[in-house]
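# Remarks on the overall topology
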Amino acid sequence: MQTWEAITSRRNVRSFINQPIPAAHLDQILEAGRRSPSSQNWQPWDFILVTDREQLRELAKVWRGAGHVAQSAATIVVVAPSADNEFHRAQLDLGQATMAMTLAAADLGIGSCHAGVADIQLARELLGFPQDRDWALLISLGYPADRPLVPIKKPRRRPFDEVVHRGRW
């Protein structure tokens, strides 16, 4: 898949078939996150890859909207410190890492969906990350159960001319 095809095909996938993702593909997705841009090259992230079925079921309990994690083939947990850097760009950095990984997944025909973490203590108990990391989000991964990833011809998005302003508003 080419970059534009991955961008136009990527969508949130919450239902997956029961098929493992090759380790090389998981590593490629993780590498996309590791290589993503970071303000002042801070790289505030750590990634925890979860593939164990029982652990995925328990991980799905950290947020009411994370049910898709339970049936995913794998979930990447993006963990970061609560303290932001002096430029206050941690969320931007983590967003870029997340988007890089979801696009890399789409490029491989792998669906993804992101979710927050409300119960950080449960996440810490399940995953063992240190106390100085108290910010996390989830990226579930798997092959879509409903339909393969293909370019979406009519995305449900605001019209281009309503969103894009040239020169000024």
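Further up the page is the structure itself.
What this report covers is the structure whose coordinates are included nearby. These numbers were taken from a predicted model, which means no experiment stands behind them.

### Description of the overall build of the protein chain
When you go through the protein chain residue by residue, the secondary structure sums to 6 helices and 4 strands. Reading the secondary structure of the protein chain in the N-to-C direction produces α-α-β-α-β-α-β-α-β-α. Over its C-alpha trace the protein chain gives a radius of gyration of 17 Å, about what one expects of a compact globule, namely 15 Å for 169 residues. For the protein chain, the spread of C-alpha atoms along the principal axes amounts to about 45 × 45 × 30 Å. Buried positions account for 39% of the 169 residues belonging to the protein chain. Put simply, of all contacts in the protein chain between residues at least 6 apart along the chain, 80% involve residues at least 24 apart. If you average the places of the 20 positive and of the 18 negative side-chain charges in the protein chain, the two averages end up 10 Å apart.

### Points about the packing of helix α2 (residues 23-34) against helix α4 (residues 90-107)
Contact pair α2 / α4: the axes reach a minimum separation of 7 Å and the direction vectors enclose 150 degrees. When the axis of α2 is compared with that of α4, the two are roughly antiparallel. Of the two elements, α2 crosses α4, and the hand of that crossing is right-handed. Between α2 and α4, the residues in contact are Ile29, Leu30, Ala32 and Gly33 and Ala97, Ala100, Met101, Ala104 and Ala105, respectively. Among the residues making up the contact of α2 with α4, the classes are represented as 8 nonpolar, 1 polar and no charged.

### Thoughts on α4
Here α4 is 18 residues long and its end C-alpha atoms lie 26 Å apart, about the 26 Å a rise of 1.5 Å per residue gives. Trailing α4 by a residue or two, Gly109 shows a phi angle of about 80 degrees, which is positive.

### Regarding the nonpolar core
Counting 20 residues, the largest nonpolar core has Ile29, Ile76, Val78 and Leu141 as its most contacted members. Elements with a contribution of two residues or more to this core: α2, β2 (74-81), α4 and β4 (133-142). Of all the elements, α4 adds the most residues to this core, at 5 residues. Residues within four places of Val78 in sequence aside, it is in contact with Trp45, Asp46, Phe47, Leu94, Thr98, Met101, Trp135, Ala136, Leu137 and Ile139. Counting residues in each nonpolar core, the second largest holds 18 residues, with Val50, Leu56, Val117 and Leu122 among its members.

### A few points about the sheet that holds β2
Sheet architecture is open: 4 strands sit in the order β1-β2-β4-β3, paired in antiparallel fashion. Each end of this open sheet is capped by a strand with a single partner; those strands are β1 (46-50) and β3 (111-116). On average, adjacent strands in this sheet sit at an angle of 25 degrees to one another, irrespective of strand direction. Set on the sheet, α2 makes contact with β1, β2 and β4; between it and β1 the angle comes to about 165 degrees. This element, helix α5 (residues 120-127), spans β1, β2 and β4 of the sheet and lies at about 70 degrees to β4.

### So, the side chain of Arg10
Structurally, Arg10 can be placed in the loop between α1 (3-9) and α2. With no salt bridge to any partner, buried Arg10 finds its closest opposite charge in Asp146, at an N-O distance of 12 Å. There is a polar contact of 3.4 Å between the side chain of Arg10 and the side chain of Ser112. Apart from residues no more than four positions distant in its own chain, Arg10 is found in contact with Met99, Thr102, Leu103, Ala106, Ser112 and Ile152.

Quick notes on the rules
- Residues numbered from 1 in each chain as written.
- Predicted model: local features only at pLDDT ≥ 70, side-chain atom pairs only at ≥ 80, totals over all residues.
- Heavy atoms only, no water.
- Helix = DSSP H or I, 4+ residues; strand = E, 2+ residues; numbered from the N terminus.
- Rg over C-alpha atoms; globule rule 2.2 N^0.38 Å.
- Buried < 20%, exposed > 50% of the residue type's maximum accessible area, 1.4 Å probe, protein only.
- Contact = heavy atoms within 4.5 Å.
- Lys, Arg positive; Asp, Glu negative; His and termini not counted.
- Charge placed at Lys NZ, Arg CZ, Asp CG, Glu CD.
- Axes fitted to C-alpha atoms, helices over the stretch in contact; angles between N-to-C directions.
- Parallel < 35°, antiparallel > 145°, perpendicular 65-115°, else oblique.
- Left-handed = near helix turned anticlockwise from the far one by under 90°.
- Nonpolar A, V, L, I, M, F, W, Y, C, P; charged D, E, K, R; others polar.
- Expected span 1.5 Å × (residues − 1).
- Core = buried A, V, L, I, M, F, W, Y, C linked by side-chain atoms within 4.5 Å.
- Pairing = 2+ DSSP bridges.
- Salt bridge = Lys/Arg side-chain N within 4 Å of Asp/Glu carboxyl O.
- Polar contact = N/O pair within 3.5 Å; in protein donor to acceptor, adjacent residues only side chain to side chain.

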